[in-house]
Amino acid sequence: MSRFLWHGLIALIYLFLLAPILVVVIVSFDTRQYLAFPPESLSFGSYAKVFANQTFISAFGRSVMIGLAVGLAAVVIGTLLSMALVRYRFRGREGVNFLILAPFLVPHIVLAVGIMLVLAPMQLLDSYTGIILAHLGITVPYTVRTITMSLMSVDRRVEEAAMVHGATPFAVFRRITLPLIAPGLIAGGVIAFLISFDEATISLFIVSVKVSTLPTEIYNYLEVSTDPQIAALSVLLIAISIVVVIAVEKLIGLRRAL
Amino acid sequence: MSEHHVVVDNLVKTYPGAATPSVDHVSFALPKGEMLALLGPSGCGKTTILRMIAGLIEPTSGAIQLNGREISQTPVHKRNMGMVFQAYALFPHMTVAGNVAFGLEMRGIPHSERGPKVQRALDMVKLGHLGDRRVTQLSGGQQQRCAIARSLVIEPELLLLDEPLSNLDAKLRDEMRDEIREIQSRTGVTAIFVTHDQDEALSMADRLAVMSAGKIEQIGTPREIFDAPANEFVAGFIGAGNFLSGRVTAPGEAEIEGLGPLRFEAPARIGSQVNLMVRPHRFKLAAPGPNAFTGQVDSLVYRGQILTLGISVGGKRLTADLHTHAGHLPAKGETVTLAVAPGDVTFLSEAAA
Ligand SMILES: Nc1ncnc2c1ncn2[C@@H]1O[C@H](COP(=O)(O)OP(=O)(O)OP(=O)(O)O)[C@@H](O)[C@H]1O
Ligand SMILES: [Mg+2]
């Protein structure tokens, strides 16, 4: 009986978490020009409008480019930091560790103000460099996390065996360490991409017109009009995230199975 | 010094934070092509010595020479050594052949020459048919053999083996023992072999170094170690023994407490306390007489070719190994007499009374 209650409770929690998404999905098919629930008639009209909206399309392109750059850079920086943190005992190691975790602890709005104040004097507001740097600030902690985990699971003896059998330190890294932490690199890169792709708070402080991202354009659009286009766009964003996650899961899962 | 291929001189390793050194002034020298076994109980510092020679950890003090050249400052990858790790340490993301080819690749051997060398090395350890397997899909014994092939294929200057046979079943272990010995003498590679299995050490090595608590207790040929152990530790660690202590009453004769007089062949001062040992296989069934002890058989273990029996004599237990083809075999409860020739009594130490 209690087991039954327990399962019921879990189902309710899931429903509570998924309800907003469900509502958005349903509303995205509404034909009226304002957001309301439930819809009276359904169509793909909003989706067609989204794809015809040049602002959204070009913002999407920029978001993807920024996301890819952030993902790649966050993986490279994360790898270097993780190697230092896992493999070397140096003075101030705890400090570095804390600094890397700090963005987890500080609200994004606070970070946003700080980053803006730093970027402004360097003329980096509303530039690709600026937005990428800002996104790196919040994504590197995640890549350090996943890559550190992978590195800690690499058996030191395996690297030592490579060394003894003639591998230079660089060859050890390239031929042994890198392939062994590849799943962690991919996972970290994807998380960084998705965070950058979804991030609105910080972006709003840093970009205006030149490098506006999809989330900031959604925000701008909402300020003037609320219609089912926004719901349709949201559904598309969720779909992209899900596809990316599933694709990576399959990819890494497959590599592991081989 | 120069005729020795490997010279280890007063090597010391104290791990950071440790109160006592894990390796304490260890010295030995190996001529080219010799196989040395490092033998000792768990934690006595065997792996630590190998890791210092390989360059994976830095000695606290001491010198290591290879071919007359000091190598303490040589980076690991330039030392040209082969090593079989205690836990294999195969490259988990590569195939069996990939693992074996790795060292050749690092040495810049062209692809066309690698193939046949790898195949020969794999055939040698009987893994020739498994080259394309992932190493994670090998049994423990197969992984061990893959690790051996990986370390041999590069024709190293020095081969380091850290308990390479510990995970094999008895039959395969015997085969691999012979195999490693055969490969080692054929290739003429100098080798240092770590084990805590005395049979393995005795049967494989040209010389043995018996260690305890970071120190070498004795170094010598298997025969020297077995027949003339330097002290109680070595005698007890290599092979079984009946340890007998007593007071010297006449030249070459000691009165063993509870047992009676025992004659031995070693100079010892009259009145001093001596520690003697008789290996179980030195006892023979005999009629009562000098150097013979009579008692009732209270344990019997049949081991195929050998029968191990225990008798109690005056509160002491004596163990003897008898060949099972030696005619009459005693039964439990039977009264027997065990005799030992004075020359077969090992003299261990003497202390003034
Ligand atoms: N990295 C290390 N840091 C601190 N102490 C260590 C380290 N490695 C080994 N030791 C200590 O040094 C001693 C010798 O260890 P070592 O691994 O050389 O023993 P071993 O003879 O190979 O033992 P086994 O037969 O169990 O493999 C042990 O007391 C061990 O606890
Ligand atoms: Mg060891």
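Residues numbered from 1 in each chain as written. Chains lettered and ligands numbered in written order. Predicted model: local features only at pLDDT ≥ 70, side-chain atom pairs only at ≥ 80, totals over all residues. Heavy atoms only, no water.

Peer 1: Run through the environment of B:Gly98, naming residues and quoting values.
Peer 2: Residues and elements named next belong to chain B. Within the secondary structure, Gly 98 is located in helix α2 (residues 96–106). Residue Gly 98 is classed as partly exposed on the basis of its relative accessible area of 21%. The spacing of Gly 98 and Val 118 is 20 residues in sequence and 8.8 Å in space, taken between C-alpha atoms. (Helix = DSSP H or I, 4+ residues; strand = E, 2+ residues; numbered from the N terminus. Buried < 20%, exposed > 50% of the residue type's maximum accessible area, 1.4 Å probe, protein only.)

Peer 1: Which residues make up the side chain of B:Asn242, and what values go with them?
Peer 2: Residue and element names in this part refer to chain B. By the secondary structure assignment, Asn 242 is in strand β11 (residues 242–250). A polar atom in the side chain of Asn 242 sits 2.7 Å from the backbone nitrogen of Thr 319. Not counting residues up to four positions away in its chain, the partners in contact with Asn 242 are Leu 276, Met 277, Val 278, Arg 279, Pro 280, Phe 283, Arg 317, Leu 318 and Thr 319. (Polar contact = N/O pair within 3.5 Å; in protein donor to acceptor, adjacent residues only side chain to side chain. Contact = heavy atoms within 4.5 Å.)

Peer 1: Explain the sheet that holds β11(B) to me, using residue names and the numbers behind them.
Peer 2: All names here are of chain B. An order of β13-β12-β11-β14-β20 is seen for the five strands of this open sheet, with the pairing classed as antiparallel. Because the sheet does not close on itself, it has two edges, and the strands there are β13 (260–263) and β20 (345–351). Strand-to-strand, the axes of this sheet are offset by a mean angle of 40 degrees, without reference to chain direction. By the bridge criterion, four bridges tie strand β12 (residues 253–256) to β13 in an arrangement that is antiparallel. Bridge assignment links Glu 255 to a residue of β13, and that residue is Pro 261. (Pairing = 2+ DSSP bridges. Axes fitted to C-alpha atoms, helices over the stretch in contact; angles between N-to-C directions.)

Peer 1: An account of the UniProt feature "domain: ABC transporter" (unreviewed entry) in chain B is requested, with residue identities and associated values reported.
Peer 2: UniProt annotation of "domain: ABC transporter" (unreviewed entry) refers to residues 6–238 of chain B when read in the numbering used here. Across residues 6–238 of chain B, the secondary structure splits into 36% helix and 24% strand, with the terminal C-alpha atoms separated by 25 Å. (UniProt positions renumbered as here; feature names shortened; annotations may be inferred.)

Peer 1: Please set out the site of ligand 1 residue by residue, giving values where relevant.
Peer 2: All names here are of chain B. Around ligand 1, the surrounding shell consists of Tyr 15, Ser 22, Ser 42, Gly 43, Cys 44, Gly 45, Lys 46, Thr 47, Thr 48, Gln 86, Glu 163 and His 196. Tyr 15 is positioned with one of its side-chain polar atoms (N or O) 3.3 Å from a nitrogen atom of ligand 1. Protein chains bury 59% of the 630 Å² of accessible surface belonging to ligand 1 in isolation. A per-class count over the shell around ligand 1 returns two nonpolar, eight polar and two charged. (Near = heavy atom within 4 Å. Areas by Shrake-Rupley, 256 points an atom, 1.4 Å probe, with all protein chains shown as cover. Nonpolar A, V, L, I, M, F, W, Y, C, P; charged D, E, K, R; others polar.)

Peer 1: An account of the UniProt feature "domain: ABC transmembrane type-1" (unreviewed entry) in chain A is requested, with residue identities and associated values reported.
Peer 2: Residues annotated by UniProt as "domain: ABC transmembrane type-1" (unreviewed entry) correspond here to residues 60–248 of chain A. Helix and strand shares over residues 60–248 of chain A are 83% and 0% respectively, and the end C-alpha atoms of the span are 21 Å apart.

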